[in-house]
Amino acid sequence: MSHLASVISGNGGLQAVRVQAPAGAGLVYLHGAHVAQWIPTGADEVLWLSAKSQWTPDKPIRGGVPICFPWFGPRQGDPSAPAHGFARLKQWTLESTAPGPDGAGVVSLRLDADDDTRRWWPHEFSLRLRVAFGATLDMRLELENRGTSSLQAEQALHTYFAVGDVRQVAIHGLDGVTYIDKTDAMKEKLQQGPIRITAETDRVYTRTAAAVTIEDPSWTGTHAQGRRILIARENSADAVVWNPWIAKAKAMPDFGDDEWPGMLCVETCNVKDQAVRLNPGEARALTARIHLERL
Ligand code: BG6
């Protein structure tokens, strides 16, 4: 363990790695390899975490960065399967902590196939999350096919961002991109101009590698009034934009009724027909690189 990281007992007694590096601080739970906090030095917290999150091994954490794998949303044809896959419910193994470039602190965690995962998904695999907490939050999720047949998997870094008031936010970068509207019978629509959140929003922007920017003039923190969050993606063909709005927030037991204005998910993913396909021995990494700018 490097001196900038320590294993702590986090919420609910769940084990987590706390990083305190020159360029940034962060927290990642071994439960789900779930990043729960990221504070670049001299800035405010960037991620959102629900006060109603349930901190137990059989539930995903609400907020931060859940890892969705190997399916996204409900599993087709199997309503009893865990939503967004099993990765966010498994205890991952801590591989290493180390100083990273530019004053960051880096944590590597790993999940391998076991009897439990094979019950849901009959593949041998290894999944590694390498997360660097610094001025940038750099998350790299590498999937390796360790079996003898090809595999196909959906995956997402389901990032929850803290915003001042989601109704005042503009999301740039997806102009002209086709999306599937999950709130309107999965209809395909074309994005025109920046995205504004004015109702329940649950959209899969497809076949786009574009960087996404959340412009948030309503942010009021200790260090900034107004901010911009920039999300650059690699090997990510899709981006999901989600805010539950009023009724859905009320319906979720682990989400406060009044919390929805303060959060926005912009997710780095490969879903539906963009699911990653790997032959035996192949590996590929999905990457999200996030940083802040002042307005
Ligand atoms: C989003 C999905 O990514 O995650 C939504 O597009 C879903 O449909 C949301 O409601 C939250 O999912 P969960 O399983 O964490 O409640």
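Refer to the structure printed above.
Side note on the sheet that holds strand 2 (residues 15-21)
If you trace the four strands from one edge of the open sheet to the other, you get 1-2-3-4, paired in antiparallel fashion. Every other strand in the sheet has two partners, leaving strand 1 (5-9) and strand 4 (34-40) as the edge strands with one partner each. The average undirected angle you get between the axes of adjacent strands in this sheet is 15°. Looking at chain direction, strand 3 (residues 24-29) and strand 4 are connected through six bridges and run antiparallel.

Focus: the side chain of N145
Looking at the element boundaries, N145 is found in strand 9 (residues 136-145). Classification of N145 by relative accessible area gives buried; the value is 1%. Of the polar contacts made by the side chain of N145, one reaches the backbone oxygen of S149; its length is 2.9 Å. Ignoring sequence-local partners within four residues, the contact set of N145 consists of E124, S150, L151, L278, N279, P280, G281 and E282.

A few points about the sheet that holds strand 8 (residues 125-133)
The strand order across the open sheet formed by nine strands is 6-7-8-9-23-19-18-13-16, and the pairing between neighbours is antiparallel. Looking along the sheet, the strands with just one partner apiece sit at the ends: strand 6 (93-99) and strand 16 (195-196). Judged from the two bridges that link them, strand 13 (residues 170-172) and strand 16 form a sheet pairing that is antiparallel. Each residue of the ladder has a partner; that of A170, found in strand 16, is R196.

Cut-offs and rules
- Residues numbered from 1 in each chain as written.
- Predicted model: local features only at pLDDT ≥ 70, side-chain atom pairs only at ≥ 80, totals over all residues.
- Heavy atoms only, no water.
- Pairing = 2+ DSSP bridges.
- Helix = DSSP H or I, 4+ residues; strand = E, 2+ residues; numbered from the N terminus.
- Axes fitted to C-alpha atoms, helices over the stretch in contact; angles between N-to-C directions.
- Buried < 20%, exposed > 50% of the residue type's maximum accessible area, 1.4 Å probe, protein only.
- Polar contact = N/O pair within 3.5 Å; in protein donor to acceptor, adjacent residues only side chain to side chain.
- Contact = heavy atoms within 4.5 Å.

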